[in-house]
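# Fold and geometry: a report
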Amino acid sequence: MADRRAGYLPALDGVRGLLMLLFMAYHLGASQLQGAWIGINLFFILSAFLIVRLLVIEHDRHGDIDVIGFYRRRARRLLPALLLVLAAVSVWWGLLGEGEVRRRLGGDVLATLGYVINWRLIAQSDEYFGDRAGASPLRHAWSLAIEEQFYLLVPLLVIALLMLLGRRRLVAVAVLAAATVLASLWTASVAGDPGTGFARLYYGTDTRAQSLLLGAAL
């Protein structure tokens, strides 16, 4: 238990909890919080920071990183609640949902379970801030999908950096900081393309990567 919670920072739970309250208040109609959606970037930064911190601590203590163990811990932490939500949404919307939403629900459930719902929403040109009538009841899972895609790659990234750079941590930070800048430039180029839809910019894993890379650098 001591090893598993070595990187636990209770104060950051408070920050993330406050962000969740702001998000919920906005979605419940608190019009004064129209900029609250920007907080999702901070949420990604904090998540990446905590995960990379745990991986570095594990490497420092044991000399390696148990990648399979990392994936197993992520699954134990996230899958039970996700399966419960998917079951509840399937029953509720299967019985009471609108026709079009009900027809798409099966694909939305599979995409959410596979952590690719963000790309499905892009394919559907979903407008997060647009007309909410007919929106998928699983639309909110887009951020979880991006985090899980990050979790899939981050232990391999940390291992590669530690193998190449050893204890030269400042160099590793510089590499990640440079990657953050490049990802930001990429997002700007995507945003500047007249053919880019809002869904592509808002839900894209690559257009959110700068927040995750910044968290990893921290």
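If you're wondering where the values come from, they're calculated on a predicted model, not measured in any experiment. (Residues numbered from 1 in each chain as written. Predicted model: local features only at pLDDT ≥ 70, side-chain atom pairs only at ≥ 80, totals over all residues. Heavy atoms only, no water.)

## A word on helix 9 (residues 209–217)
Of all the nine residues making up helix 9, seven are buried; the element is thus mostly covered by neighbouring parts of the structure. Of all the residues in helix 9, the buried ones are Gln210, Ser211, Leu212, Leu213, Gly215, Ala216 and Ala217. Where helix 9 is buried, its residues meet helix 2 (39–62), helix 6 (142–165) and helix 7 (169–192). (Buried < 20%, exposed > 50% of the residue type's maximum accessible area, 1.4 Å probe, protein only. Helix = DSSP H or I, 4+ residues; strand = E, 2+ residues; numbered from the N terminus. Contact = heavy atoms within 4.5 Å.)

## Let's talk about the packing of aromatic side chains
On inspection of all chains with the given rule, the structure shows 11 aromatic pairs. Within the aromatic cluster, the residues linked to one another by ring pairs are Phe44, Tyr128, Trp142, Phe198, Tyr202 and Tyr203. Looking at Arg74, its charged tip hangs above the ring of Tyr151, at a distance of 5.3 Å from the centre. (Phe/Tyr/Trp six-rings, centres within 6.5 Å; stacked < 30°, edge-to-face > 60°. Lys NZ or Arg CZ within 6 Å of the ring centre and 35° of its normal.)

## A word on the pattern of salt bridges
Counted by the stated rule, this structure contains seven salt bridges. The salt bridge partner of Arg167 is Asp60, with a shortest N-O separation of 4.0 Å. Of the two residues, Arg167 is situated in the loop between helix 6 and helix 7 and Asp60 in helix 2; the sequence distance between them amounts to 107 residues. The partner of Arg120 in a salt bridge is Asp108, and the shortest N-O contact between them spans 2.5 Å. With Arg120 in helix 5 (residues 117–123) and Asp108 in helix 4 (residues 99–113), this residue pair connects regions lying 12 residues apart in the sequence. Accessibility expressed as a relative area gives 26% for Arg120, which makes it partly exposed. (Salt bridge = Lys/Arg side-chain N within 4 Å of Asp/Glu carboxyl O.)

## As for the nonpolar core
With 45 residues, the main nonpolar core has Leu55, Trp142, Phe150, Val154, Val158 and Tyr203 as its most contacted residues. The element that contributes the greatest number of residues to this core is helix 6, accounting for 10 residues. Other than its neighbours up to four places away in sequence, Val154 contacts Ile51, Val52, Leu55 and Phe70. (Core = buried A, V, L, I, M, F, W, Y, C linked by side-chain atoms within 4.5 Å.)

## Quick notes on the side chain of Arg16
By the secondary structure assignment, Arg16 is in helix 1 (residues 10–27). Among the polar contacts listed, one links the side chain of Arg16 to the side chain of Asp13, at a separation of 3.2 Å. In contact with Arg16, not counting residues within four places along its chain, are Phe43, Leu46, Ser47 and Leu50. (Polar contact = N/O pair within 3.5 Å; in protein donor to acceptor, adjacent residues only side chain to side chain.)

## Regarding helix 4
In this model helix 4 runs 22 Å from its N-terminal to its C-terminal C-alpha over 15 residues, within 8% of the 21 Å that 1.5 Å per residue would give. Of all the bends in helix 4, the largest measures some 45° and sits at Leu105. Residues of helix 4 that are buried: Val101, Arg104, Leu105, Asp108, Val109, Ala111 and Thr112. Lining the buried residues of helix 4 we find helix 3 (67–96) and helix 5. (Expected span 1.5 Å × (residues − 1). Bend = angle between axes of the 7 residues up to and from the residue.)

## What to know about the packing of helix 2 against helix 6
At a minimum axis separation of 10 Å, helix 2 and helix 6 run at an interaxial angle of 35°. Handedness of the helix 2/helix 6 crossing: right-handed. Contacts from Ile40, Phe43, Phe44, Ser47, Ala48, Ile51, Val52, Leu55, Val56 and His59 of helix 2 reach helix 6 at Trp142, Ser143, Ile146, Glu147, Phe150, Tyr151, Val154, Pro155, Val158 and Leu162. Looking at the contact of helix 2 with helix 6 residue by residue, the classes come out as 16 nonpolar, three polar and one charged. (Axes fitted to C-alpha atoms, helices over the stretch in contact; angles between N-to-C directions. Left-handed = near helix turned anticlockwise from the far one by under 90°. Nonpolar A, V, L, I, M, F, W, Y, C, P; charged D, E, K, R; others polar.)

## Here's the deal with the confidence of the model for the protein chain
Looking at the protein chain as a whole, the pLDDT averages 88, with 94% of positions reaching at least 70. Looking across the protein chain, the model is least confident in helix 1, with a mean pLDDT of 82, and most confident in helix 9, with 96. (pLDDT = per-residue confidence, 0-100.)

## Here we look at unusual backbone geometry
Negative phi characterises most residues that are not glycine, and trans characterises most peptide bonds. A positive phi is found at Tyr115, a non-glycine position, where the angle reads about 60°. Here Tyr115 is to be found in the loop between helix 4 and helix 5. Take Tyr115: its relative accessible area is 12%, and that puts it in the buried class. For Ser125, which is not a glycine, the phi torsion comes out positive at approximately 55°. Along the chain, Ser125 falls in the loop between helix 5 and helix 6.

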